[in-house]
Every structure is written in C-alpha cells, then in structure tokens.
Amino acid sequence: MLSDAVPALRCPVCQGPFGLGGAAPLSLRCVAGHSFDAAKQGYFNLLSGKGTVFEADTAEMVAARNEFLGAGHYAPLAEAIAELASPVLWAPGSLILDSGTGTGHYLRTVLDRTPTAAIGIDISKFALRRAARLNPGAINLVWDIWRPLPIADRAVDAIIVVFAPRNPPEFARVLRPGGRMIVVTPRNGHLVEIAERTGMLGIEPGKDERLAESMQEFFTVADTIQLDVDLKLDGRDLADVAFMGPAGHHLERSALLASTATETSVHATAKFTLSVFTAPEDGS
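Residues numbered from 1 in each chain as written. Predicted model: local features only at pLDDT ≥ 70, side-chain atom pairs only at ≥ 80, totals over all residues. Heavy atoms only, no water.

**Q** Explain the overall build of the chain here, please?
**A** Of the regular secondary structure elements, the chain holds 10 helices and 11 strands. Here the chain has a C-alpha radius of gyration of 19 Å; the compact-globule value for 284 residues is 19 Å, and the two agree. Taking the principal axes of its C-alpha atoms as reference, the chain extends roughly 60 × 40 × 35 Å. When the 284 residues of the chain are sorted by exposure, 50% land in the buried category. A separation threshold of at least 6 residues defines the contact pool for the chain, and within that pool the share at least 24 residues apart is 65%. Accessible area for the chain stands at about 12,900 Å²; split by element, carbon and sulfur atoms hold 52% of it. (Helix = DSSP H or I, 4+ residues; strand = E, 2+ residues; numbered from the N terminus. Rg over C-alpha atoms; globule rule 2.2 N^0.38 Å. Buried < 20%, exposed > 50% of the residue type's maximum accessible area, 1.4 Å probe, protein only. Contact = heavy atoms within 4.5 Å. Areas by Shrake-Rupley, 256 points an atom, 1.4 Å probe, with all protein chains shown as cover.)

Here it is as structure tokens:
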C-alpha cells in the first residue's frame, strides 16, 4: 500500500520524516510543516527551487515507451529483474526503490511477484503519470537523481536502475546492509540491426567497465548476467523503440513513423547486461 513506503521518506527541505494525509489530494507533510500535495494523476513532485538541469523525457517519448513495453517486447528482461530482486523483498516491511522508474513497467513485474512496498522516482512528470496509474500502491516521486535522495539511511532492501543514471554514494546510503541493487545497461550489439536506420544512439565503448569502477567503492559485485532477447518488430515498433530512448530528444517522431511505415517483420536482438551489486552486511 501507498502508506507502507512513507516511513522511509524524508523531507527534501528539512530531512524530517513524512506523514501521509488528506484525501483529495493526498499530501506528504513533514513534522516541520513542509507539505507536498499529490498531483491529480497520483504522483508527488518534491523538487523545489531551481528544479533540475536534467533533460526529462517528453510526453511523446513516454508514450512510445509505454506502447513498446506494453506490447511485451522486453518481458524477458522484466522477469529477469524481478527474479534477481525478489529474494530480498519477502520480509515484512521490505522496500524497493526503482530509480528512473519511467512508466513503472519493470517495477510492476517485481510487485506482481512480491509483497514489497515501493518507491519510484523519475525526473519526467509525463512518465510518472503513467507510473502512478500502473503502480498505484507505490510512492511515485518527481526527483533529480543527482540530488540527495529524499529517503532515510538504510531504508531500502533493493534498488533497480534500468537504463537510468546512477548515484552510487546515495544508493549506498539508502540501501540496507545485505541489500541488493540490479543495474541494467545495454551492451555492444544492442539492436544493431535497426540502430542505423532509426537514428538510435550507439553504445559507448567501455560502458560496463565504467559502471563497475563507479560502484566498486560502495558495493560488491555479486553477479553479472548477459541477456539476449530476440525481437520481431513492425514499423510502429521500430519507431517506438528508437523514440523511447535518448535519441528521442533529437528525432522527429512523425518523420520516424513515416520512414518505418512499410516495415512488417524486422528481426533484431536486444542485448542487456544485468549487474547485481550487494551492500556490505555490516553497512560499512
């Protein structure tokens, strides 16, 4: 339930604990009186002041992602994430953080398998509108991952980060001793069959090595899994998978749809790396 995750939250203004109150709309109110009302779509915007310089996904990009993921193309990835996260999410009071939750698709699969409470954060209000609809029992927050997380120390049992930025010191602070973090990144060859024709951005060389280096100060690598998913895509799928990612900030959706309209059956392979990190049992 929504209220199950509230004790883990902290006010971004004073770092005090929150309570959940109100009816329409619900509100998060801390002991010092700072209050954040839920948007009518069900998410909370905790950003204040100058906001963020991070470029949020647009409504069109989010719609493309919703269509593509909703069609089940990445279902094997969602199942793999849930399988890796679920072992630490069965104890009473367990909590998962989905950092860069997007439309909430991957978190939904975890919630279908476990009784855990959940927090989803994203910088895009358009994504969170859909996430709050898909995961109404989770606390969905507009937040900038580069800021200190509005979450108490050692409050989270699992963190999932799927194609999203990472803040290792903050993840280490909020993850409980023995907790688990699953980070998903594309690897070399990801959708290479369609990348050039759709204008998708290439995979940066050494991406996995840089991930491991950034995490090694705070976490132990427990496992590294390579997952390939064979896809059969039509023209709309091609446009959606290209536009839902970072390239969507630079592409014209109408032109993309026009260029792929005649495609009926294109084969491609999605290539993912799932890196599993654990927090030290003693919390050090």
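Having seen the model, we can carry on.
**Q** Would you mind showing me how to read the packing of helix α2 (residues 59–70) against helix α9 (residues 235–243) here?
**A** How two helices pack is summed up by the angle between their axes together with the distance between the axes. Relative to each other, α2 and α9 sit at 125 degrees, their axes nearing to 8 Å. The angle between α2 and α9 places the two elements in the oblique class. α2 and α9 meet at a crossing whose hand is left-handed. Across the interface between the two elements, Glu60, Met61, Ala64, Glu67 and Phe68 of α2 pack against Asp237, Asp240, Val241 and Phe243 of α9. Partitioning the contact of α2 with α9 into residue classes produces five nonpolar, no polar and four charged. (Axes fitted to C-alpha atoms, helices over the stretch in contact; angles between N-to-C directions. Parallel < 35°, antiparallel > 145°, perpendicular 65-115°, else oblique. Left-handed = near helix turned anticlockwise from the far one by under 90°. Nonpolar A, V, L, I, M, F, W, Y, C, P; charged D, E, K, R; others polar.)

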